[in-house]
Amino acid sequence: MKNAWSQAKAIGLTATLICMTRVRSIGSRIHDDESGDVPGWVMITLMSAVLVAALLAVAGPRLSDLFNQAINRVSGLG
């Protein structure tokens, strides 16, 4: 079992290193290209998406209840 665990860790490490190398390669190609600041806008977009997802996860049910209350009051059901 210990040998299988060591092999799994080695495979995971190898896969991680391959991914890091490819990301670095892509990053250097983007950096060499003078078409604009792609990494900056990608980072802002990803951070915004994560922020919205986190807010929805935390406050989603309460916001849904508030919305339903408002709709019920406006339509005369509540």
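Residues numbered from 1 in each chain as written. Predicted model: local features only at pLDDT ≥ 70, side-chain atom pairs only at ≥ 80, totals over all residues. Heavy atoms only, no water.

*Asks:* Go over the overall build of the protein chain with me, naming the residues and quoting the values.
*Replies:* Assigned secondary structure in the protein chain consists of two helices and zero strands. Here the protein chain holds 78 residues, and the buried ones make up 1% of them. Surface accessibility of the protein chain: about 7,200 Å² in total, with carbon and sulfur atoms responsible for 69%. (Helix = DSSP H or I, 4+ residues; strand = E, 2+ residues; numbered from the N terminus. Buried < 20%, exposed > 50% of the residue type's maximum accessible area, 1.4 Å probe, protein only. Areas by Shrake-Rupley, 256 points an atom, 1.4 Å probe, with all protein chains shown as cover.)

*Asks:* Any chance you could break down a nonpolar patch on the surface for me, citing the residues and the numbers?
*Replies:* A contiguous nonpolar surface patch, about 360 Å² in accessible area, is contributed by Val52, Leu56, Leu63 and Leu66. Its place among the elements puts Leu66 in helix α2 (residues 38-75). (Patch = residues over 30% accessible without salt bridge, like charges linked within 9 Å, V, L, I, M, F, W, Y side chains within 5 Å. Salt bridge = Lys/Arg side-chain N within 4 Å of Asp/Glu carboxyl O.)

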